[in-house]
Amino acid sequence: MESPHEHQQAQLFSRIINNVEKLNEAIVMLNGMLQDTNTKNMNTEIVAQMWKNYQSNVQFHLEATDSLKEPK
């Protein structure tokens, strides 16, 4: 004869497995969205790095040519 506790545990395990499967699907979807977002942000990151390099080069040039002046 099957124990009532075994039946209850089997039901709980079934619910846990079902919830873990749903969670896994949600995480896979989230990872895909994050990857898409990272890909789209790559251009912004490249432009920011280019701007930083440009700003550094301008600063160096102004200091080297003694053209750097205090803002008014």
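Use the structure listed above.
These notes cover the structure that comes with them. It should be emphasised that the depicted structure is a prediction, and the values quoted were computed from it without experimental measurement.

Details of the environment of Glu 2
Part 1 of the reasoning: Considering the arrangement of structural elements, one finds Glu 2 in the segment before helix 1 (4-64).
Part 2 of the reasoning: The class of Glu 2 is exposed, set by a relative accessible area of 52%.
Part 3 of the reasoning: Separated by twelve residues in sequence, Glu 2 and Ser 14 place their C-alpha atoms 17 Å apart.

Let's talk about the pattern of salt bridges
Here the idea is simple: oppositely charged side chains can pair when their charged atoms come close.
Part 1 of the reasoning: Inspection of the entire model under this criterion finds one salt bridge.
Part 2 of the reasoning: Of the charged contacts, one joins Asp 36 and Lys 40 as a salt bridge, the two residues approaching to 3.3 Å between their closest N and O atoms. On the criterion of helical spacing, the pair formed by Asp 36 and Lys 40 is a turn pair, its members being four residues apart in helix 1.
Part 3 of the reasoning: Taking the relative accessible area as the measure of exposure, Asp 36 reaches 40% and is therefore partly exposed.

Section: the packing of aromatic side chains
Part 1 of the reasoning: Enumeration according to the criterion identifies one aromatic pair in this entry.
Part 2 of the reasoning: Ring centres 5.5 Å apart and planes at 35° place the aromatic pair Trp 51 and Tyr 54 in the tilted group. A residue pair is termed a helical-turn pair when its members lie 3 or 4 positions apart in one helix, as Trp 51 and Tyr 54 do in helix 1 at three residues.

Looking at helix 1
Part 1 of the reasoning: For helix 1, built from 61 residues, the straight-helix expectation of 90 Å at 1.5 Å per residue is met to within 8% by its first-to-last C-alpha distance of 85 Å.
Part 2 of the reasoning: Where helix 1 bends most, at Asn 41, the angle is about 35°.
Part 3 of the reasoning: Two residues or fewer after helix 1 comes Asp 66, characterised by a positive phi angle close to 55°.

Overview of a nonpolar patch on the surface
Part 1 of the reasoning: Residues Leu 12, Phe 13, Ile 16, Ile 17 and Val 20 make up a contiguous nonpolar surface patch of roughly 480 Å² in combined accessible area.
Part 2 of the reasoning: For Phe 13, the location among the structural elements is in helix 1.

A closer look at unusual backbone geometry
Part 1 of the reasoning: Phi is positive for Asp 66, which is not a glycine, with a value near 55°.
Part 2 of the reasoning: Structurally, Asp 66 is set in the segment after helix 1.

Thresholds applied
- Residues numbered from 1 in each chain as written.
- Predicted model: local features only at pLDDT ≥ 70, side-chain atom pairs only at ≥ 80, totals over all residues.
- Heavy atoms only, no water.
- Helix = DSSP H or I, 4+ residues; strand = E, 2+ residues; numbered from the N terminus.
- Buried < 20%, exposed > 50% of the residue type's maximum accessible area, 1.4 Å probe, protein only.
- Salt bridge = Lys/Arg side-chain N within 4 Å of Asp/Glu carboxyl O.
- Phe/Tyr/Trp six-rings, centres within 6.5 Å; stacked < 30°, edge-to-face > 60°.
- Expected span 1.5 Å × (residues − 1).
- Bend = angle between axes of the 7 residues up to and from the residue.
- Patch = residues over 30% accessible without salt bridge, like charges linked within 9 Å, V, L, I, M, F, W, Y side chains within 5 Å.
- Areas by Shrake-Rupley, 256 points an atom, 1.4 Å probe, with all protein chains shown as cover.

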